[in-house]
Amino acid sequence: MNTPVSLPLPPSLYADTAVAPTPTPPLDGDRSVAVAIIGSGFTGLSTALHLAEQGVNALVLEAQQPGWGASGNNGGQVNPGLKHDPDQIEADFGAELGRRMIDFAYGTTNYTFELIRRYQIPCEARQNGTLRAAYNEASAAAIENTAKQCIRRGMPVTLLNREQMREMTGTDRYLCAMLDNRGGDLHPLSYARGLARAAIAAGAEVHGETPALSLSREGAGWRVDTPRGIVRAEKVLLATNGFTDDLWPALRRSIVPVFSSITATAPLPDDVAREIMPTRPVLYESGHITVYYRIDQHNRLLMGGRGPMRWISKPADVAYLIRYAERLWPRLKGVIWTHGWNSRLAITPDHYPHVHEPAENLLISLGCNGRGVALSTAMGGQLARRLIGGRTAEIDMPVTAIKPMALHAFWPLGVTAAVLAGRVRDRLGL
């Protein structure tokens, strides 16, 4: 079964400040469409928009409301690339597909910001760059290696030294960083709602509070049962990511759903905010356990990272992030932290996004591994091409078989252990 309907949004800064949602009423009655999309995060909404742009009748089913999951509750960082370095991608997938994957993945941020401009989506979007920062020798060596690979391929990246990082961040924590000018940030819930609005305006249907209860073959197409109607579709896209359930056999066991947590301050005084990334890039740390942060357009500091593997509702639930912020910038001691929240994203065992076609006219996309804002937006165009053109339509990501993980039922224990081990390794500089 899908997540129960009518759950409130997580108690996030975004829920309190987002643009108003476009109406997405529950499905009431039966529909016949070319493509049914299950899940209205960035992947599902972007795919619906790209299909509608090309005149394809697309319908989106969402158990809650657009952006309810990780799409509307992430760190707001628009980061290029994949988890693995370019050389590793080419080694894993060969020169031809590997090159296409690299070009695609590192181009996703430009793609996203261009889509936002084209549809005039009000979501506080800024393309001020991404910093991948190192605070120990091991991560510094890794970042230098990544930067060399990117520079060799002509990418607009710069390797910054310790002094430059002190100027960029107001802290002496970092040994070096790679600055990629293509990155940036946005208000993710406003962006999700803007994507929904654009998709609907282009001709797609989006139905909130409409969980997909079952998926089955019906003739040459598919049948999706919902609480108050049946959707018959020629083709189906599953885009449920960290909220993947048992709608398709073994799919849930092919990913690990991991909670990522964020806490936010009240607007900081101008002089304090200017000390923290005065040029307003976003930053994520290179380590076994990533911490990421940014200053938004209203001088709020948003700190994110791994938290409890359960839902949280207040800053005290991730007090370690607040302590870490005060360590980076002692002037923050005594600052009011107004929100603490989290959501679930999907991690894949190989840390690559997964695209599957386990049956004719059924496409699955999930596993952004923490790079979902830009990657899932751009995947919408790729998935639309595949849905329109079928299996002969090449896309710039591999299409692979579903591989369930052994002992998947123990993932909460495994994630907790991995987080603890990662923090120890980061402290030891391993």
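Check the entry above for the structure.
Draft legend 1. Summary view of the side chain of Thr24. Mapping Thr24 onto the fold places it in the loop between helix H1 (13–17) and strand S1 (31–38). For Thr24, a relative accessible area of 14% corresponds to the buried category. With sequence-adjacent residues up to four places away left out, Thr24 is seen in contact with Pro66, Ile200, Val206, His207 and Gly208.

Draft legend 2. Focus on helix H8 (residues 188–202). A rise of 1.5 Å per residue sets the reference length of H8, with its 15 residues, at 21 Å; its end C-alpha atoms lie 21 Å apart and thus fit the reference within 8%. Buried residues dominate H8, accounting for 11 of its 15 residues. Among the residues making up H8, those that are buried are Pro188, Leu189, Ser190, Tyr191, Ala192, Arg193, Gly194, Leu195, Ala196, Ala198 and Ala199. Among the structural elements, H1, helix H2 (42–53), helix H5 (108–119), strand S14 (291–295) and helix H11 (372–389) are those in contact with the buried residues of H8.

Draft legend 3. Main features of the packing of aromatic side chains. Using the criterion set out here, one finds nine aromatic pairs in the structure. Aromatic pair Trp68 and Phe243: ring centres 5.5 Å apart, planes at 65°, arrangement edge-to-face. Of the two residues, Trp68 is situated in the loop between strand S2 (58–61) and strand S3 (77–78) and Phe243 in the loop between strand S11 (229–238) and strand S12 (256–265); the sequence distance between them amounts to 175 residues. Here Trp68 falls in the buried class, since its relative accessible area comes to 6%. A network of ring pairs unites the aromatic residues Trp68, Phe243, Phe259 and Trp311 as a single cluster. Over the aromatic face of Tyr135 sits the side chain of Arg173, whose NZ or CZ is 4.1 Å from the ring centroid.

Draft legend 4. Geometry of the packing of H5 against H8. Put simply, H5 and H8 touch, their axes get as near as 11 Å, and they point 60° apart. On the basis of the axis angle, H5 is oblique to H8. As for how H5 packs across H8, the hand of that crossing is left-handed. In contact with Thr112, Leu115, Ile116 and Tyr119 of H5, H8 contributes Tyr191, Leu195 and Ala198. Looking at side-chain class alone, the contact of H5 with H8 contains six nonpolar, one polar and no charged residues.

Draft legend 5. Main features of the side chain of His339. Here His339 shows up in strand S16 (residues 337–347). One polar contact links His339 to Asp16, side chain to side chain, over a distance of 2.8 Å.

Draft legend 6. Molecular detail of the pattern of salt bridges. Tallied over the entire structure, the rule returns 25 salt bridges. Glu205 is the partner of Arg31 in a salt bridge, and the nearest nitrogen-oxygen pair spans 3.1 Å. Note that Arg31 is positioned in strand S1 and Glu205 in strand S8 (residues 205–207), a separation of 174 residues in sequence. One salt bridge in this structure joins Glu218 and Arg232, with 2.5 Å as the shortest N-O distance. With Glu218 in strand S9 (residues 214–218) and Arg232 in strand S11, the pair connects residues that are 14 residues apart, well separated along the chain. On the basis of relative accessible area, Arg232 is assigned to the partly exposed category, the value being 31%. Among the charged side chains, a network of salt bridges with common partners joins Asp87, Glu90, Arg152 and Arg153.

Reading the values: the criteria
In every chain, residue numbers begin from 1 and rise along the written sequence. Two thresholds apply to this predicted model, a pLDDT of at least 70 for residue-level local features and 80 or more for giving and counting side-chain atom pairs, whereas whole-chain, interface and lining totals are computed over all residues. In computing side-chain values, all of the structure's heavy atoms are included and hydrogens and water are not. Here a strand is any run of E in DSSP of at least two residues, a helix any run of H or I of at least four, and the numbering for each starts at the N terminus. Three labels apply to residues, based on accessible area from a 1.4 Å probe with only protein chains included: buried if under 20% of the type maximum, exposed if over 50%, partly exposed otherwise in between. A contact between two residues is defined here by any heavy atoms of the two lying within 4.5 Å. Multiplying 1.5 Å by the helix residue count minus one yields the expected span of that helix. When the centres of two rings from Phe, Tyr and Trp lie within 6.5 Å, Trp using its six-membered ring, the rings pair. Their planes under 30 degrees apart give stacked, over 60 give edge-to-face, and anything left gives tilted. Any Lys NZ or Arg CZ that is within 6 Å of a ring centre and within 35 degrees of that ring's normal is treated as a charge sitting over the ring. Note on geometry: axes are C-alpha line fits, over the in-contact stretch for helices, and angles between N-to-C directions span 0 to 180 degrees. Orientation is classified from the angle alone, with under 35 degrees giving roughly parallel, over 145 giving roughly antiparallel, 65 to 115 giving roughly perpendicular, and any other angle giving oblique. Take the far helix as the reference: if the near one is turned anticlockwise from it by less than a right angle, the crossing is left-handed, and if turned clockwise, right-handed. All amino acids are sorted into three groups, where Ala, Val, Leu, Ile, Met, Phe, Trp, Tyr, Cys and Pro are nonpolar, Asp, Glu, Lys and Arg are charged, and the leftover types, Gly among them, are polar. Think of a polar contact as two N or O atoms within 3.5 Å of one another; within protein, one of them needs to be a possible hydrogen donor and the other a possible acceptor, and neighboring residues in sequence only count if both atoms come from side chains. We define a salt bridge as a contact between a side-chain nitrogen of Lys or Arg and a carboxyl oxygen of Asp or Glu at a distance within 4 Å.

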